[in-house]
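Below, each chain spelled out in residue letters.
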Amino acid sequence: MAQFFTVHPEQPQPRLIRQAAEIVRNGGLIAIPTDSAYALAGRVGDPDIMERIRRIRRVDERHHLTLMCRDLSEIAHYARVDNAQYRLLKAATPGSYTFILEGTKELPRRVLHPKRKTIGLRVPDHPLVRALLAELDGPMLTATLIMPGEEQALSEPEDIRHRLEKDVDIVIDAGPCVVQATTVVDLTSGAPELLRAGKGDPALLGLEVD
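Reference entry: report on the structure contained in this document. (Residues numbered from 1 in each chain as written. Predicted model: local features only at pLDDT ≥ 70, side-chain atom pairs only at ≥ 80, totals over all residues. Heavy atoms only, no water.)

### Section: unusual backbone geometry
Inference 1: Geometrically, the link from Thr 93 to Pro 94 is a cis peptide bond, its omega value of -5 degrees lying close to zero.
Inference 2: Within the secondary structure, Pro 94 is located in the loop between α4 (83-92) and β5 (97-102).
Inference 3: A positive phi angle is found at Arg 58, which is not glycine, with a value near 55 degrees.
Inference 4: Here Arg 58 is to be found in the loop between α2 (47-57) and β4 (66-68).
Inference 5: One non-glycine residue, Lys 117, lies in positive phi territory at about 60 degrees.
Inference 6: On the secondary structure map, Lys 117 appears in the loop between β5 and β6 (118-122).
Inference 7: With relative accessibility at 27%, the residue Lys 117 sits in the partly exposed group. (Helix = DSSP H or I, 4+ residues; strand = E, 2+ residues; numbered from the N terminus. Buried < 20%, exposed > 50% of the residue type's maximum accessible area, 1.4 Å probe, protein only.)

The following block contains the structure:
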């Protein structure tokens, strides 16, 4: 049964952050609020974590998972970023955007899209997540917590606890969470391509919503 942590939204308690980080290091899957919606998160490259995320979401290996990073330099460590891409990333991070980029050899092949060798990357703007990433001293593998057959991401921690109490190891409550998923932008083909309009304003990247 999932543990339930209640964390201050602006000043997360270090003791609880350390406990959550230790569970992630030990292979746990957690449900965390972000600056866009709740997400499933776990250790990068852990096959069991990938399987659990895909089982909950009911998606296959062609669905991009997302590397949640601390900053731009960490993104550049795990993805190939040219100057034009870097300028776009700098304009939109931290924030509610996910960027599809080609992964580097620093990432296990199994976390990349099987044909395109790409992955989603983002830098969240949420005190809890940033504290957790700092404690881990590295990224987490994540996916927006949208249940099969539903369009909106889950946003209520008690509801998540009830629905996923046997599927995740921790649910973290840090106060109200918006229900919009991130805006997803593909940067692999030259000009940015809007794949999903979400909380992040596409106009910041010069993109229009059809």
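Following the structure, the description resumes.
### Section: the pairing of strand β9 (residues 183-186)
Inference 1: Residues Thr 183 and Val 185 point to one face of β9 and Val 184 and Asp 186 to the other, with burial holding for every one of them.
Inference 2: Both β9 and strand β10 (residues 193-196) contribute to a ladder of 3 bridges, which runs antiparallel. Bridge pairing in β10 links Val 184 to Arg 196.
Inference 3: Hairpin connection between β9 and β10: a loop of 6 residues separates the two successive antiparallel strands, and Gly 190 in this loop has a positive phi of roughly 95 degrees. (Pairing = 2+ DSSP bridges.)

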